Amino acid sequence: MNALFSKVITVLDTEPYRLVVWVVAIVSFVALNAAYLVWVERKGAGRFQRRPGPTEVGPAGLLQPVADGLKLMSKQLLVPAGADSMLFRGAPLLVMAPVLMSLAVIPFGRGLAAVNLNVGLLMVFALGPINLMAIMFGAWSSRNKYAVMSAARVVSQNVAYEIPMLLVVTTIAMVSGTMDLNQIVEQQSGAFWHWNLFRVWVNPLMPVTFLIFYICMLAETNRAPFDMVEAESELVAGAYTEYAGMGFGVFFMAEYANIVLGCSLATVLFLGGWQSPFSFMPGVTWFLIKMYFLIFSVVWIRWTFPRTQFYGLLNLSWKILIPVSLFTLILSAAMIKMLRAPS
Amino acid sequence: MNALREIYGGFKSLLIGMRITLGQFFRPTVTVRYPHQSLKMPPRYRGHIELVGNPETGKPLCFVCKLCERACPSDCINVEGAKLEGDKRKSVTSYKLDFTKCSLCGSCVEVCREGAIRFSRDYNLAGLTKEEFLLDLVKRFQAQQAAVKAEIRNPKSEVRSAKSELSAEQKPQGQLAGAVKDGGSVS
């Protein structure tokens, strides 16, 4: 039995099968997370407001995502008159694709990544803005002026937050000296103060860079308190106004998929990925614990703070986050120059 | 420096907010799961009126003086009665309440000398037709009496109703207690 098992593993590790296995694994990971994070969100929202959350469909409401999915799928997919139907239909596909592609380079455990790319970090950030482009396409092609206005807001928001995020990531790349996510995690091995989050001897502002990264991640994934894209209590659905049924559902799922991606990236870059201070559980478990803690914090933040106003959002980015992240970048550059012996 | 202080102060207040919400997260929920549970109405809640029974005989106290019928500003009460053999007073045979017209002003309860009617604590009233709100209070009273008797005869059901405490408060037990209390004032 064991021999058979290891043989199956060896076969699955050869090229064409390996690809299929990883595609299936990542797609199902993203889809399950997207579906069940909705449940987590609703349960979390309930608990934060001292309500039980969904309870009716299945035990503890666990079948709620299934019911939601069925409901959305039974709705008619409408393409508004005069809309660019190809772009309109294509946008939901385009919004999901970059997340799936980016997750290919995320190392979930030691050697547990679909692709060991030595510029993995670069690839994630190269694909990231496609998601933004897809939202813009969706709004633009739906021929709805309110959707276009929302899309304009999305673009300015995401561009504003892309800058501090990239500056922070550059700091990490400089400190680590590599863009390979596997190596970045390897460098954080050992006790928890080796995690990038606590490596204050490399750069005393490391915890601040983590905060900036996390805030930017919230803004990039259009989460509260920066959810100007959808703003469900004020706008109809912002950029997704014209989408019905599963078209909207896919945008909605992409938001959660992006949160998964953002939180796993934060785990890899700052919280030591699969590394753990104790050695009693496999690395994947630690990775998932850290990632889901960050995701829980996303929900926690959403149900704590009210939505910011738009100028407040841009002020935060341009007046605080960008100067601070630039400062940390320069500081770590100076520290690398001065503290490390020239090799 | 001022800007830094502002950032620090703002960040600290955000953390305080997050601590408060996390504290709420771990505390028990406070909602009533409505279709499964319902709230116990306070004693002075005004539902539609209902007949009060005499705890000794188990019959309505009402002797069809029709004061309530006359007091009603919306003309929604219709009481009929008959004098049974050996009784000094009439007893009520039909007490029709048109709840679609009733505004719960309470004139009927106020005017009743015997304390034979009172506000019920029913609030889960919903229906698809108007006829569902043409209530026959005598039938309702008889149903309540039967339920009370069943409760006494079969204590098992009492255990069950104690379990679903919130919803059970509405039903027979409360009525029985109310009837005893109100009946005490009758000579």
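Residues numbered from 1 in each chain as written. Chains lettered and ligands numbered in written order. Predicted model: local features only at pLDDT ≥ 70, side-chain atom pairs only at ≥ 80, totals over all residues.

Observations concerning the overall build of chain A
- The helix and strand inventory of chain A stands at eleven helices and zero strands.
- Ordered by position from the N terminus, the helices and strands of chain A form the series α-α-α-α-α-α-α-α-α-α-α.
- What you see for chain A is a C-alpha radius of gyration of 21 Å, in line with the 20 Å of a compact globule of 343 residues.
- In terms of its C-alpha atoms, chain A occupies a principal-axis envelope of roughly 65 × 60 × 45 Å.
- Evaluated residue by residue, chain A yields a buried proportion of 43% over its 343 residues.
- Restricting the contact set of chain A to residue pairs at least 6 apart, pairs at least 24 apart contribute 76%. (Helix = DSSP H or I, 4+ residues; strand = E, 2+ residues; numbered from the N terminus. Rg over C-alpha atoms; globule rule 2.2 N^0.38 Å. Buried ≥ 20, exposed ≤ 12 C-beta atoms within 10 Å, placed from the backbone. Contact = placed C-beta atoms within 7 Å.)

Describing the overall build of chain B
- Scanning chain B from terminus to terminus reveals seven helices and five strands.
- The order of α-helices and β-strands along chain B, N terminus first, is α-β-α-β-β-α-β-β-α-α-α-α.
- Sorting the 187 residues of chain B into buried and exposed places 16% on the buried side.
- In chain B, the proportion of contacts linking residues at least 24 apart, taken out of those at least 6 apart, comes to 73%.

Here we look at the interface of chain A and chain B
- Across the contact, ten residues belong to chain A and twelve residues belong to chain B.
- Residues belonging to the side of chain A that touches chain B are distributed by class as follows: six nonpolar, one polar and three charged. (Nonpolar A, V, L, I, M, F, W, Y, C, P; charged D, E, K, R; others polar.)

Details of the sheet that holds strand S3 (residues 91-98) of chain B
All names here are of chain B.
- Across the sheet, which stays open at both edges, the three strands sit in the order S2-S3-S5 with antiparallel pairing between neighbours. Strands with a single pairing partner mark the edges of an open sheet, and in this sheet they are strand S2 (77-82) and strand S5 (134-136). On average, each strand axis in the sheet is tilted by 15° relative to the strand beside it, whichever way the strands run. (Pairing = 2+ DSSP bridges. Axes fitted to C-alpha atoms, helices over the stretch in contact; angles between N-to-C directions.)

Side note on the nonpolar core
- In terms of nonpolar packing, the biggest core is built from 87 residues, with Ile 135, Phe 213, Cys 216, Ala 257 and Ala 266 of chain A touching the most fellow members.
- By size, the runner-up hydrophobic cluster in this structure holds 21 residues, among which are Val 92, Leu 97, Leu 135 and Leu 137 of chain B. (Core = buried A, V, L, I, M, F, W, Y, C linked by C-beta atoms within 7 Å.)

Topic: the packing of helix H2 (residues 15-48) of chain A against helix H3 (residues 64-73) of chain A
All names here are of chain A.
- Contact pair H2 / H3: the axes reach a minimum separation of 9 Å and the direction vectors enclose 115°. It follows that H2 is roughly perpendicular to H3 by the angle criterion. Relative to H3, the crossing made by H2 is right-handed. Where H2 approaches H3, its residues Ala 35, Tyr 36, Val 38 and Trp 39 are matched on the opposing element by Gln 64, Pro 65, Asp 68 and Gly 69. (Parallel < 35°, antiparallel > 145°, perpendicular 65-115°, else oblique. Left-handed = near helix turned anticlockwise from the far one by under 90°.)

Points about the packing of helix H9 (residues 246-270) of chain A against helix H10 (residues 283-302) of chain A
Residue and element names in this part refer to chain A.
- Put simply, H9 and H10 touch, their axes get as near as 9 Å, and they point 125° apart. In terms of orientation, H9 and H10 fall into the oblique class. H9 and H10 meet at a crossing whose hand is right-handed. Together, Ile 259, Cys 263, Ser 264, Ala 266 and Thr 267 of H9 and Phe 287, Lys 290, Met 291, Leu 294, Ile 295 and Val 298 of H10 make up the contact between the two elements.
- Of the residues assigned to the contact of H9 with H10, the class counts are eight nonpolar, two polar and one charged.

Quick look at the environment of Thr 221 of chain A
All names here are of chain A.
- Tracing the backbone through its elements, the reader meets Thr 221 in the loop between helix H8 (206-220) and H9.
- Thr 221 gets classed as buried once you count the C-beta atoms within 10 Å, which come to 24.
- Put simply, Thr 221 and Trp 195 are 26 residues apart on the chain and 24 Å apart in space, counted from C-alpha to C-alpha.
- Contacts of Thr 221, omitting those with residues within four sequence positions, involve Glu 255, Asn 258, Ile 259 and Gly 262.

Here's the deal with the confidence of the model for chain A
- Chain-level pLDDT for chain A is 86 on average; 98% of the residues reach the 70-or-more range.
- When pLDDT is averaged over each helix and strand of chain A, the minimum, 80, is found for helix H1 (residues 2-12) of chain A and the maximum, 91, for H8 of chain A. (pLDDT = per-residue confidence, 0-100.)

Re the pairing of S3 of chain B
- Across six bridges, the pairing between S2 of chain B and S3 of chain B is antiparallel. By the bridge assignment, Glu 80 of chain B is partnered in S3 of chain B with Ser 94 of chain B.

Some details on unusual backbone geometry
Residue and element names in this part refer to chain A.
- Within the chain, Arg 50 stands out as a residue other than glycine whose phi angle is a positive 60°.
- By the secondary structure assignment, Arg 50 is in the loop between H2 and H3.
- Positive phi values are uncommon outside glycine, yet Ala 60 reaches one of about 55°.
- Considering the arrangement of structural elements, one finds Ala 60 in the loop between H2 and H3.

Comments concerning the environment of Arg 50 of chain A
- Using a count of 13 C-beta atoms within 10 Å as the deciding quantity, one classes Arg 50 of chain A as partly exposed.
- It is 45 Å that separates the C-alpha atoms of Arg 50 of chain A and Leu 331 of chain A, two residues lying 281 residues apart in sequence.
- The residues touching Arg 50 of chain A, leaving out its near neighbours within four places in the chain, are Gln 24, Arg 27, Thr 29 and Val 30 of chain B.

Points about helix H1 (residues 2-25) of chain B
- Spanning 24 residues, H1 of chain B covers 35 Å between terminal C-alpha atoms, matching the ideal 34 Å at 1.5 Å per step.
- Of all 24 residues in H1 of chain B, zero are buried, a share of ten percent or less. (Expected span 1.5 Å × (residues − 1).)

Some remarks on the environment of Leu 87 of chain A
All names here are of chain A.
- Residue placement: Leu 87 occurs in helix H4 (residues 85-103).
- Overall, the presence of 15 C-beta atoms within 10 Å leaves Leu 87 in the partly exposed class.
- Taking the C-alpha atoms as reference points, Leu 87 and Ala 139, separated by 52 residues in sequence, lie 9.6 Å from one another.
- With sequence-adjacent residues up to four places away left out, Leu 87 is seen in contact with Phe 137 and Ser 141.

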